[in-house]
Amino acid sequence: MPGPESLLTHFSDCVAVHLGVEGVIRKCYLEFPRNARPQPDLVYLAAKWQGEGLRYDRYLDRAPLPRAKRRALISAVAADDIARSAAEALLEIAERADPDGEPPLLEIRGTDDARRSVDLNLADTGRSLASFGFVLAPVLERVGAAGEAFLRANADAQLGHFALGRDERGEGFVTLYFGAHRA
């Protein structure tokens, strides 16, 4: 990792280190406990790099926000109405399934770039991709037959997270995290 000093200054405060690879991009996430966050609401500090290019993202806890503010946050980061509508419907489902009505919701902000997005955790719903088909269909229709094929092929997989917003270049995106299970 180029220039690891920024992460190392927070290393002793974290409770977990998560490493990942996405194609040629490498990732390192420091996870902070509620009582030792370097900034209020900071759950993860992530470094992402490719070669010598390094960027940082901050993952902020937004679950405690009142319902109206959670929806406003989704509207603020959504690249379009299709993504926004899907996220709002999923948020409502997640609120009903979560024990305290505040499902894990993270706001992700890039440092010195256009990244701003949200990640909604749907694990407490315990539901499959197929059961969310009515919500996901408009999003997946954008990729035509490939979206329908994806949903059919992964129908029984559990939906874990739904993320949407703008990436570091300002381009809109939607990401589904699915299929996690206990080994």
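Keep in mind the model is a prediction, meaning the values are calculated, not measured.

**Student:** Teacher, can you tell me more about the overall build of the protein chain here?
**Tutor:** Check the secondary structure of the protein chain and you find five helices and eight strands. N-terminal to C-terminal, the α/β element order of the protein chain is α-β-β-β-β-α-α-β-β-α-α-β-β. At 17 Å, the protein chain has a C-alpha radius of gyration in line with the 16 Å of a compact globule built from 183 residues. C-alpha atoms of the protein chain, sized along the principal axes, occupy 45 × 35 × 35 Å. Looking at the 183 residues of the protein chain, the share that counts as buried comes to 39%. In the protein chain, 52% of the contacts between residues at least 6 apart in sequence involve partners at least 24 apart. Total accessible area computed for the protein chain in this model is approximately 9800 Å², and 52% of it derives from carbon and sulfur atoms. If the 23 positive side-chain charges of the protein chain are averaged to one point and the 27 negative ones to another, these points end up 2 Å apart.

**Student:** Got a minute to help me understand helix H3 (residues 81-97) in this structure?
**Tutor:** An α-helical turn contains 3.6 residues, so a residue and the one three or four places further along point in the same direction. Counted at 1.5 Å a residue, the expected span for H3 with its 17 residues is 24 Å, and the 24 Å between its end C-alpha atoms agrees. Those residues of H3 not exposed but buried are Ala 83, Ala 86, Ala 87, Leu 90, Leu 91, Ile 93, Ala 94 and Glu 95. Tucked into the core, H3 has its buried residues touching helix H2 (67-77), strand S6 (116-121), helix H4 (133-140), strand S7 (159-166) and strand S8 (172-178). With a side-chain oxygen positioned 3.0 Å from the backbone nitrogen of Ile 82, the residue opening H3 is Asp 80.

**Student:** What is the right way to read the environment of Gly 165 from this model?
**Tutor:** Tracing the chain through its elements places Gly 165 in strand S7. When the C-alpha atoms of Gly 165 and Glu 52 are compared, they prove to be 25 Å apart, with 113 residues separating the residues in sequence. Beyond its immediate sequence surroundings of up to four residues, Gly 165 is in contact with Val 77, Ala 79, Arg 116, Ser 117, Glu 171, Gly 172 and Phe 173.

**Student:** Explain the sheet that holds strand S3 (residues 42-50) to me, please; I cannot follow it from the model alone.
**Tutor:** In any sheet, the strands associate via hydrogen bonds between backbone groups, in a parallel or an antiparallel arrangement. Sheet architecture is open: eight strands sit in the order S1-S2-S3-S4-S5-S6-S7-S8, paired in antiparallel fashion. On the outer flanks of this sheet lie strand S1 (16-22) and S8, each paired with one strand and no other. Averaged over all pairs of adjacent strands, the angle between their axes in this sheet comes to 20°, without regard to strand direction. With eight bridges connecting them, S3 and strand S4 (residues 53-61) associate as antiparallel partners. Counted as the bridge partner of Lys 48 is Arg 55 from S4. On the sheet, H2 packs against strand S5 (105-110), S6 and S7 and is oriented at approximately 130° with respect to S6.

Procedures and definitions
Residues numbered from 1 in each chain as written. Predicted model: local features only at pLDDT ≥ 70, side-chain atom pairs only at ≥ 80, totals over all residues. Heavy atoms only, no water. Helix = DSSP H or I, 4+ residues; strand = E, 2+ residues; numbered from the N terminus. Rg over C-alpha atoms; globule rule 2.2 N^0.38 Å. Buried < 20%, exposed > 50% of the residue type's maximum accessible area, 1.4 Å probe, protein only. Contact = heavy atoms within 4.5 Å. Areas by Shrake-Rupley, 256 points an atom, 1.4 Å probe, with all protein chains shown as cover. Lys, Arg positive; Asp, Glu negative; His and termini not counted. Charge placed at Lys NZ, Arg CZ, Asp CG, Glu CD. Expected span 1.5 Å × (residues − 1). Polar contact = N/O pair within 3.5 Å; in protein donor to acceptor, adjacent residues only side chain to side chain. Pairing = 2+ DSSP bridges. Axes fitted to C-alpha atoms, helices over the stretch in contact; angles between N-to-C directions.

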